[in-house]
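Understanding the architecture of this molecule
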Amino acid sequence: MSIVEKGIVSLVFYKPEYKALLSNYNLSEEQQRYTALPFDALQKCESEPDRHPMVILYGSQPAGFFVLHGWEGVKAFSENKEAILLRAYSINAEYQGKGIGSQSIKLLGPFVKKYFPKVNEIILAVNHANVVAQNVYKKGGFVDKGITAMGREGEMFIYHLDV
């Protein structure tokens, strides 16, 4: 089983058996402005092979979700062909406020290094108004190098994490 653990939070590759457990996934309207729900993101993963859906487990329960997207996702934000894009990151509403987000972001570098050995950088785009997410990413080691891009909800900061 593809797991990198820190305490009771772990990262795993999505498997079909998680589908039912993700069926009660909720995000606030505000959060849905900035990220995709797991089912929407999974549909894109099915048609694009360089998208890798991931599950954040809290114990054995899926508490969060994100996608690691290869070059097709990266190229809009970076010229680094050895980078991978973190997208559609979220923590299910019922698990928010427990430190799961912060712990999962800290696990991300070691996980990517283990399962994507050619990758040397993780990048992400975070909306300028999404201050909560910015703080989680920065606490996890992501750096704002002053690069921005426009997204569907306005300006986004591009953050970087060396792996």
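Heads up: these notes are all about the structure in this document.

Conventions we followed
Here the residue numbering is sequential within each chain, running from 1 through the sequence in written order. Local features are withheld for residues below a pLDDT of 70 in this predicted model, meaning they are given only at 70 or higher, and side-chain atom pairs are given and counted only at 80 or more; totals for whole chains, interfaces and linings count all residues. The side-chain quantities take in all heavy atoms of the structure and omit both hydrogens and water. Site definitions follow a grid-based scheme: protein atoms alone, a 1 Å grid, a 1.4 Å probe that fits but cannot get out for cavities, and for pockets an open set with protein on both sides within 12 Å along at least five of seven lines, plus lining residues having an atom within 4 Å of a point. Grid points are joined across faces, edges and corners, and a volume is the space filled by probe spheres set on the points. A run of H or I in DSSP becomes a helix once it reaches four residues, and a run of E becomes a strand once it reaches two; helices and strands are each numbered from the N terminus. Note on residue classes: Ala, Val, Leu, Ile, Met, Phe, Trp, Tyr, Cys and Pro are nonpolar, Asp, Glu, Lys and Arg are charged, and everything else, Gly too, is polar. Criterion for a salt bridge: a side-chain nitrogen of Lys or Arg within 4 Å of a carboxyl oxygen of Asp or Glu. Whether a residue is buried, partly exposed or exposed follows from its accessible area with a 1.4 Å probe, protein chains only, as a fraction of its type maximum: under 20%, in between, or over 50%, in that order.

**So, the layout of surface pockets**
Computed from the structure, the largest pocket encloses a volume of approximately 1200 Å³. Along the wall of the largest pocket there are 45 residues; nearest its centre are Tyr34, Thr35, Tyr89, Asn130 and Tyr137. Those elements that place two or more of their residues in the lining of the largest pocket are helix 2 (29-34), helix 3 (38-47), helix 4 (71-74), strand 5 (83-91), helix 5 (100-115), strand 6 (121-127) and helix 6 (131-139). If you tally residues by element for the lining of the largest pocket, the top one is strand 5, at seven residues. Of the residues contributing to the lining of the largest pocket, the split by class is 22 nonpolar, 13 polar and ten charged.

**Regarding the pattern of salt bridges**
Considering all chains together, one arrives at five salt bridges under this definition. Across the salt bridge formed by Arg33 and Glu30, the nearest N and O atoms sit 3.4 Å from each other. Placement of both Arg33 and Glu30 in helix 2 is noted, with a separation of three residues, approximately one turn of the helix. A salt bridge links Arg51 to Glu48, with the shortest nitrogen-to-oxygen separation between them at 2.9 Å. You can call Glu48 partly exposed: its relative accessible area is 27%. The structure contains a network of salt bridges with shared partners spanning Glu30, Arg33 and Glu153.

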